[in-house]
Every structure is written in C-alpha cells, then in structure tokens.
Amino acid sequence: MSFQIACPNCGVRPVWEFHYGGPVTSSAPPNPTERQWGAYLFDKPNICGEQHEWWVHRSACKTWFTAKRDTRTNTVLSTAMHGEG
Ligand SMILES: [Zn+2]
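Since the structure is predicted, the reported quantities are computational estimates derived from the model, not experimental observations.

### A closer look at the nonpolar core
In globular proteins that are soluble, nonpolar side chains generally tend to be buried together. I5, C7, F18, W55, F65 and A67 form the largest nonpolar core, which has 6 residues in total. Of all the secondary-structure elements, those providing two or more residues to this core are β1 (4-7) and β5 (64-70). Beyond its immediate stretch of four places on either side in the chain, I5 contacts R13, V15, F18, W55, A67, V76 and T79.

### Comments concerning the pairing of strand β4 (residues 50-56)
Two strands pair when backbone bridges link them, and strand β3 (residues 19-23) and β4 are joined in this way by 4 bridges, in the antiparallel orientation. By the bridge assignment, P23 is partnered in β4 with E53. With 7 bridges connecting them, β4 and β5 associate as antiparallel partners. By the bridge assignment, V56 is partnered in β5 with W64.

Cut-off values and rules
Residues numbered from 1 in each chain as written. Predicted model: local features only at pLDDT ≥ 70, side-chain atom pairs only at ≥ 80, totals over all residues. Core = buried A, V, L, I, M, F, W, Y, C linked by C-beta atoms within 7 Å. Buried ≥ 20, exposed ≤ 12 C-beta atoms within 10 Å, placed from the backbone. Helix = DSSP H or I, 4+ residues; strand = E, 2+ residues; numbered from the N terminus. Contact = placed C-beta atoms within 7 Å. Pairing = 2+ DSSP bridges.

Structure, rendered in structure tokens:
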C-alpha cells in the first residue's frame, strides 16, 4: 500500500512519512456513563468510501492535520489544518 499525502506545511510526500491518527469523530458525550465512554472509544465507523481522518507528519514538521481519504482507492482527496476544513 503506497500513496501520497499533501501535508499542509510541506506539500506532497509519500505516505510512510506520516502516521495515521484514526477517523475524525464527534466529541465525547458530556458526563458519559462507563458504557457510553466505551462506545465512544471503541465503536468507530468502518467507512467504505470517503472518510475524514487524522494524520500527523511524523518524519518532518510533526503537524497534525485532517484528510479526506477514499478508503476504497487510498486516494487522499484533500487535507487541511485542523479547523479549516
Ligand atoms: Zn509536514
């Protein structure tokens, strides 16, 4: 599996320079019960198609950003600093 990701700081780089941080999810519920907290932590969506994800450019600028990736083709459709996209 090899593809490229456009870091918002550094531009397009090979995927091995990055680390996947998991899907972007909504915030945890306020004052969750133990069951709600477990569901928030572990019931992650397994999307077939376009997914909004966290990535960090661990080999260079160490910036965390979000990316939209098509999980069927591993095509990164767009990237953005957190809060921009
Ligand atoms: Zn970078």
